[in-house]
Amino acid sequence: MSMPSETIETHTLSVLVDNESGVLARVVGLFSGRGYNIESLTVAEVDTRSRLSRITLVTSGTPMIIEQIKAQLGRLVPVHTVRDLTVEGPMVSRELALIKVAGTGERRVESLRIADIFRARVVDSTNDSFVFEIVGKTGKVEAFIKLMEPLGLVDISRTGVAAIARGSEGL
Amino acid sequence: MSAETMPGAKMVLKALSEQGVDVIFGYPGGAVLPIYDELFQQNQIRHVLVRHEQAAVHAAEGYARSTGKVGCVLVTSGPGSTNAVTGLTDALMDSIPVVCLTGQVATHLIGNDAFQEADTTGITRPCTKHNYLVKRLDDLSRVIHEAFYVARSGRPGPVVVDLPKDILLGKGTYVPMNRVGKHRTYQPQMKGDLKAIETAVAHMAAARRPLFYVGGGVINSGPAACQLLTQFVRTTGFPLTSTLMGLGAYPGSDPQSLGMVGMHGTYEANLAMHDCDVMICIGARFDDRVTGRLDAFSPGSTKIHVDIDPSSINKNVAVDVPIIGDVAHVLEDMMKVWKATQARPEKAAMESWWKQIATWRKRDCLAYKTTDKIIKPQFAIQRLYEATRDRETYITTEVGQHQMWAAQFYTFEHPNRWMTSGGLGTMGYGYPAAMGVQMAHPEALVVDIAGEASFMMNMQEIATCVQYKLPVKAFILNNEYMGMVRQWQELLHGGRYSESHSTALPDFVKLADSFGAHGIMVDDPAKLDEAIAEMIAIDKPVLMDVRVDPAENCFPMIPSGRAHNEMLLGPEDAGDDAISDDGRMLV
Ligand SMILES: Cc1ncc(C[n+]2csc(CCOP(=O)(O)OP(=O)(O)O)c2C)c(N)n1
Ligand SMILES: [Mg+2]
């Protein structure tokens, strides 16, 4: 008799998997095959001895879809755990972006000034370009990119979101 | 002590026999020749040479569904594995445990577009429960043991093991089953949460219009689960309906059984689904063939859902009491709680619920008009049922009207006697599946209730049946149409029968003859019983061409996009407006 909610929510999931060949294809194939959204996905080995990788996924959907996504992920054989960081309490999430801006004169100075405000670092510089490195929440990264657009934005490379629960407990 | 080394191909067979495999359905090719060579040199495992790899998988499915064991398939690389894909998808959709070994080009050739190379793990990733590519000989025996574990545990399904030829030829040390440790990640939950079970029982005890809705998960859980279900349902006195996949989990002739639910389910089952106040769903998955229009599905009921697969819960329908666990385990606990709490649903409420059901039953929704001029397909199945009900009979089907009529008119009293392609709806499933059943039950009567169009999708397997002396009976309800397609065209497309006529049919009697099987043709209702008796008596594969009324439609029917209380009961309901525009978009 329960009426499912239709509101779209964004959730950050942390999925611990065996680092074996094909595991990422399984996860990505699950999302494309079932029509779920992936807003961001990062993956890297986090435990070399047990060969475990952590996949951090940002996805969106109705509460019922989010539950489905977690259950479907949990059902993949190489998946150890699926944790919903959005539901499970406070988390820290960050992404890193490298942003190339080309320009001279006033625009160049302005980009440097804004980078300073955002605590973005200059990691490469030529006479007419900078590469900035910015770390922060997705919102901050996006705000910075927006401000760089009129100042000669050339290229963006983003890592996607890495996230972890706050506090002393491990996942 | 150093263990004996052996070629990979030998390890494969050793692992299979340790896993209890007694028969493999397969087809050879270059990449798997080492395994065929090992097969030749042993006599523990039998090999059945099919005539198409799709049939090998369906045969393994039939074997698995009729025994509860894992079915085993062996095919070569490239076309062997791509041919198996339909069967694998079928097994995935119906949760059937199958291990399919596929050959692969040697590891150093992978990715080079080598002869008969296909990205088998890539192709089969979405159509298997899990798959493996064995790249190291040291992993080989463990992977095979693991494949069987994954295939049979939790919600069962097909598992592919892709075997490069160099791995099969290389020499290594076999790792026995008991030396492979517990699986690192895959540990399905068997016991249900006791709190949830107590809540469920409380809802059941307070129910005024309860209904059990059971599916293939009960059968997959095993004969003990079916027995527990039967006891529990009888203890509660509640009515029960079954999905297509669940037929036989509860005795079909029992007065508490309302028959099948869903698109071609009975009037009483569907109205009970719509009107019940507590629904106890056990091992079923709220499939769209069952629910009809979702927003009108059983609007007033509290829903309890028992399933071993957490992803089945709240997928299509939001449930109130989810219970994750194995059906047998959960039913055992439910029964205990029911007894301990001395649950007694209100008598007056139950009486009036059964009275309501009785009025629905009076509609006699499966009634059809018989004539003595032409064989009605429903009549043919009824006669088949009467002639075979008292022996050990296994029924498989193809896909179409005949499949629905088989579900409606053949009564299943026991689990594992009914194999049909439910989730995928694969024409061509039934005949090879029957072969697999017959391999597992050589003495039993195995009948494929077929449509003429479906039968032609895997009829090359007549040769397999003849070769292995499998006396499978193909009971072909020949209406000279893809009847189900014709029915939809009649109801949805103004009777424009586009490409649905079975033109240029073979003479099935001659066809049987040419393979060395036995053929029978019958078109007279008065001769039907005699023909069926002949079919049963002959200890050979039989093709029985039953010429049935080509115009007959399958009712009741809930058209796509309609609710359970909007059924079409017969041709008189099937007017032009029977199906809405929205419904037309659905399959
Ligand atoms: C492999 C495959 N192709 C197409 C379909 C679509 N389809 C469903 S039923 C059907 C007609 C089946 O005809 P027949 O076997 O003669 O059975 P009948 O409905 O006449 O009893 C078709 C084409 C299918 N289910 N499977
Ligand atoms: Mg037909």
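Note that the coordinates shown come from a computational prediction; the quantities given were computed from them, not determined experimentally.

Residue and element names in this part refer to chain A. By domain assignment, chain A separates into domain 1 (9–84) and domain 2 (91–164). Facing the 6 residues of domain 1 at the interface are 6 residues of domain 2. Of the roughly 420 Å² buried between domain 1 and domain 2 on both sides combined, carbon and sulfur atoms contribute 59%. Considering only the side of domain 1, the residues that lose the most area to domain 2 are T12, T42 and T56, jointly responsible for 67% of the buried surface there. Viewed at the interface, domain 2 and domain 1 are joined by 0 salt bridges.

Let us now look at the coordination of the magnesium ion (ligand 2). Bound to the magnesium ion (ligand 2) on the protein side are B:E452 (OE), B:E452 (OE), B:N479 (OD1) and B:Y481 (O), at distances that span 2.1 to 2.7 Å. Around the magnesium ion (ligand 2), the 6 donor atoms sit at angles spanning 51 to 174°, and that spread fits a shape best called irregular.

For A:R26, the location among the structural elements is in helix α1 (residues 23–34). Despite being buried, A:R26 has no salt bridge partner; A:E20 is the closest side chain of opposite charge, sitting 4.6 Å away. Sequence-distant contacts of A:R26, defined by excluding residues within four places in its chain, comprise A:L76, A:P78, B:R125, B:H130 and B:N131.

What follows deals with the nonpolar core. Residue and element names in this part refer to chain B. Counting residues in hydrophobic clusters, the biggest one holds 45 residues, and the most contacted among them are L384, F475, M535, M544 and V546. Of all the secondary structure elements, the ones that give two or more residues to this core are α15 (377–388), α16 (401–409), β17 (445–451), β18 (473–478), α20 (483–492), β19 (518–522), α22 (528–537) and β20 (542–547). If you count residues domain by domain, this core takes at least three from each of domain 2 (194–362) and domain 3 (377–547). What F475 contacts, discounting residues up to four positions off in sequence, is A380, L384, V447, D448, I449, A450, I532, M535, M544 and V546. A433, A450, A474 and A512 belong to the second largest nonpolar core, which has 44 residues in total.

Another point: the domain arrangement of chain B. Often, the extent of an interface is quoted as the loss of accessible area on bringing the components together. Residues and elements named next belong to chain B. Annotation of chain B at the domain level lists domain 1 (5–179), domain 2 (194–362) and domain 3 (377–547). Put simply, the middle of domain 2 and the middle of domain 3, counted by C-alpha atoms, are 31 Å apart. Listed by partner, the interface residues are 15 residues for domain 2 and 17 residues for domain 3. Taking both partners together, domain 2 and domain 3 bury about 1300 Å²; carbon and sulfur atoms supply 65% of that area. Of all residues in domain 2, the largest losses of buried area upon contact with domain 3 belong to L244, L247 and H264, amounting jointly to 42% of the total for that side. The interface formed by domain 2 and domain 3 contains 0 salt bridges. On the surface where domain 2 and domain 3 come into contact, there are 4 residue pairs in polar contact (both at pLDDT 80 or more). Looking at the side of domain 2 that touches domain 3 residue by residue, the classes come out as 9 nonpolar, 4 polar and 2 charged.

Turning to the state of the cysteines, a few remarks are in order. All names here are of chain B. Counted by the stated rule, this structure contains 0 disulfides over all chains. C72 supplies the cysteine sulfur nearest to C465, a cysteine that is in no disulfide, at a spacing of 19 Å. Classification of C465 by relative accessible area gives buried; the value is 0%. Of all cysteine sulfurs in the structure, the one in C365 sits closest to C554, which takes part in no disulfide; the separation is 11 Å.

Here the UniProt-annotated "domain: Thiamine pyrophosphate enzyme TPP-binding" (unreviewed entry) positions come out as residues 399–546 of chain B. This span, residues 399–546 of chain B, is 39% helix and 17% strand, and a straight line between its end C-alpha atoms measures 17 Å.

Residue and element names in this part refer to chain B. In terms of strand pairing, strand β2 (residues 23–26) meets strand β3 (residues 46–49) through 4 bridges, oriented parallel. Considered in β3, the bridge of G26 is made with L49. Between the parallel elements β2 and β3, the chain passes through helix α2 (residues 33–40) in a crossover that is right-handed.

Residues and elements named next belong to chain B. Neighbouring residues of ligand 1: 17 residues in total, closest Q401, H402, G425, S454 and G483. Interatomic distance of 3.2 Å between a backbone N/O atom of A453 and an oxygen atom of ligand 1. If ligand 1 stood free it would expose 580 Å²; the protein chains cover 76% of that surface. Looking at the shell around ligand 1, the elements with two or more residues in it are α16, α18 (452–455) and α20. In terms of residue class, the shell around ligand 1 is made up of 8 nonpolar, 8 polar and 1 charged.

Rules used throughout
- Residues numbered from 1 in each chain as written.
- Chains lettered and ligands numbered in written order.
- Predicted model: local features only at pLDDT ≥ 70, side-chain atom pairs only at ≥ 80, totals over all residues.
- Heavy atoms only, no water.
- Domains from an automatic or database assignment.
- Contact = heavy atoms within 4.5 Å.
- Buried area = accessible area lost by both parts, 1.4 Å probe.
- Salt bridge = Lys/Arg side-chain N within 4 Å of Asp/Glu carboxyl O.
- Donors = N, O, S within 2.8 Å, 3.2 Å for Na, K, Ca; no water.
- Tetrahedral: all angles 85-135°; square planar, octahedral: opposite > 155°, others 65-115°.
- Helix = DSSP H or I, 4+ residues; strand = E, 2+ residues; numbered from the N terminus.
- Buried < 20%, exposed > 50% of the residue type's maximum accessible area, 1.4 Å probe, protein only.
- Lys, Arg positive; Asp, Glu negative; His and termini not counted.
- Core = buried A, V, L, I, M, F, W, Y, C linked by side-chain atoms within 4.5 Å.
- Polar contact = N/O pair within 3.5 Å; in protein donor to acceptor, adjacent residues only side chain to side chain.
- Nonpolar A, V, L, I, M, F, W, Y, C, P; charged D, E, K, R; others polar.
- Disulfide = S-S within 2.5 Å.
- UniProt positions renumbered as here; feature names shortened; annotations may be inferred.
- Pairing = 2+ DSSP bridges.
- Right-handed = clockwise from strand over helix to strand, strands pointing away.
- Near = heavy atom within 4 Å.
- Areas by Shrake-Rupley, 256 points an atom, 1.4 Å probe, with all protein chains shown as cover.

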